[in-house]
Amino acid sequence: MQLTNRSKQVSNKEMTLMERAYIPAIATGLAITIKHFFAKKVTIEYPEVKRYLGPVFRGRHILKRDEDGRERCTACGLCAVACPAEAIQMVAAEREKGEENLYREEKYAAVYEVNMLRCIFCGLCEEACPKQAVYLRHDEFVPVFTERDQVIWGKDLLVEDMTNRYTREAWTKEEARALDAKRASGESTNVVPRAIP
């Protein structure tokens with residue numbers, strides 16, 4: 001009974017002088033090495049050249065602002081509840097008179113911290129946010145930590161800088177699917193990246 005059709009018949013014939021010297025095997029190995037030596041290199045010079053990560057990459061955390069520069073976050077805590085690693089902590093506060101240009105709603109996050117060692121970059125905080133305030137950038141890595149105090153990111157590192165706004169071609173899954181369908185059908189898609197509406 002034969003168990004597989006991939007079996008090979010093995011012969012016990014005597015090896016020739018060339019085969020005993022392993023010259024054909026060495027020549028074959030050297031030929032493969034030389035072929036790879038002249039082939040195009042697949043590695044990149046990382047610090048100078050950065051590879052495109054794609055639109056679904058989840059990188060650096062960011063707390064978005066609206067068009068007027070006010071913080072979107074209302075400290076509802078849904079992102080902290082959705083986080084499986086329990087990496088997000090926040091303290092809510094009430095907006096006072098004169099702070100209408102700083103915060104959109106009456107309640108805001110006075111303290112918003114993300115423990116970057118605990119974060120697993122799953123994106124559940126992004127999906128849970130009803131105000132579209134939390135995003136994981138698709139174009140930026142989290143920098144390397146060298147000190148222990150660089151691990152907890154507060155609002156000073158998380159809140160979006162209005163001079164360097166985070167832009168995307170599509171902000172919702174529906175927009176992204178429609179854009180992909182247009183590209184797949186061959187339609188021209190000259191979409192300008194924009195900040196969240």
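Residues numbered from 1 in each chain as written. Predicted model: local features only at pLDDT ≥ 70, side-chain atom pairs only at ≥ 80, totals over all residues. Heavy atoms only, no water.

## Let's talk about a nonpolar patch on the surface
1) Next: Together, Met 15, Tyr 22, Ile 26, Leu 30, Ile 34, Phe 37 and Phe 38 give the surface a local cluster of nonpolar side chains, amounting to about 820 Å² of exposed area.
2) Next: When you line up the elements, Met 15 lands in the segment before helix H1 (17-21). (Patch = residues over 30% accessible without salt bridge, like charges linked within 9 Å, V, L, I, M, F, W, Y side chains within 5 Å. Areas by Shrake-Rupley, 256 points an atom, 1.4 Å probe, with all protein chains shown as cover. Salt bridge = Lys/Arg side-chain N within 4 Å of Asp/Glu carboxyl O. Helix = DSSP H or I, 4+ residues; strand = E, 2+ residues; numbered from the N terminus.)

## Remarks on the packing of aromatic side chains
Any two aromatic rings considered together are summarised by their centre-to-centre distance and by the angle between their planes.
1) Next: Following the criterion strictly, the structure yields four aromatic pairs and no others.
2) Next: Between Phe 37 and Phe 38, the aromatic rings sit 5.2 Å apart at their centres with planes inclined by 80 degrees, giving edge-to-face as the arrangement. Neither residue differs from the other here; Phe 37 and Phe 38 are each classed as exposed.
3) Next: Where Phe 57 meets Phe 141, the ring centres are 5.4 Å apart and the plane angle is 75 degrees; that geometry is what we call edge-to-face. One end of the pair, Phe 57, is in the loop between helix H2 (23-38) and strand E1 (61-63); the other, Phe 141, is in the loop between strand E4 (134-136) and strand E5 (152-153), with 84 residues separating them in the sequence.
4) Next: Judged by its relative accessible area of 38%, Phe 141 is partly exposed. (Phe/Tyr/Trp six-rings, centres within 6.5 Å; stacked < 30°, edge-to-face > 60°. Buried < 20%, exposed > 50% of the residue type's maximum accessible area, 1.4 Å probe, protein only.)

## A look at the UniProt feature "binding site: [4Fe-4S] cluster 2" (unreviewed entry) in the protein chain
1) Next: Sites flagged by UniProt as "binding site: [4Fe-4S] cluster 2" (unreviewed entry) map to Cys 83, Cys 119, Cys 122 and Cys 125. A maximum C-alpha distance of 10.4 Å is found for the annotated residues, which run over 43 residues; spatially they form one tight group.
2) Next: Positionally, Cys 119 belongs in the loop between strand E3 (107-115) and helix H4 (124-128).
3) Next: Look at Cys 119 and you get buried, because its relative accessible area is 14%.
4) Next: Excluding residues within four positions of it along the chain, Cys 119 makes contact with His 61 and Ala 87.
5) Next: Structurally, Cys 122 is set in the loop between E3 and H4.
6) Next: Setting aside its immediate chain neighbours within four residues, Cys 122 contacts Arg 58 and Pro 84. (UniProt positions renumbered as here; feature names shortened; annotations may be inferred. Contact = heavy atoms within 4.5 Å.)

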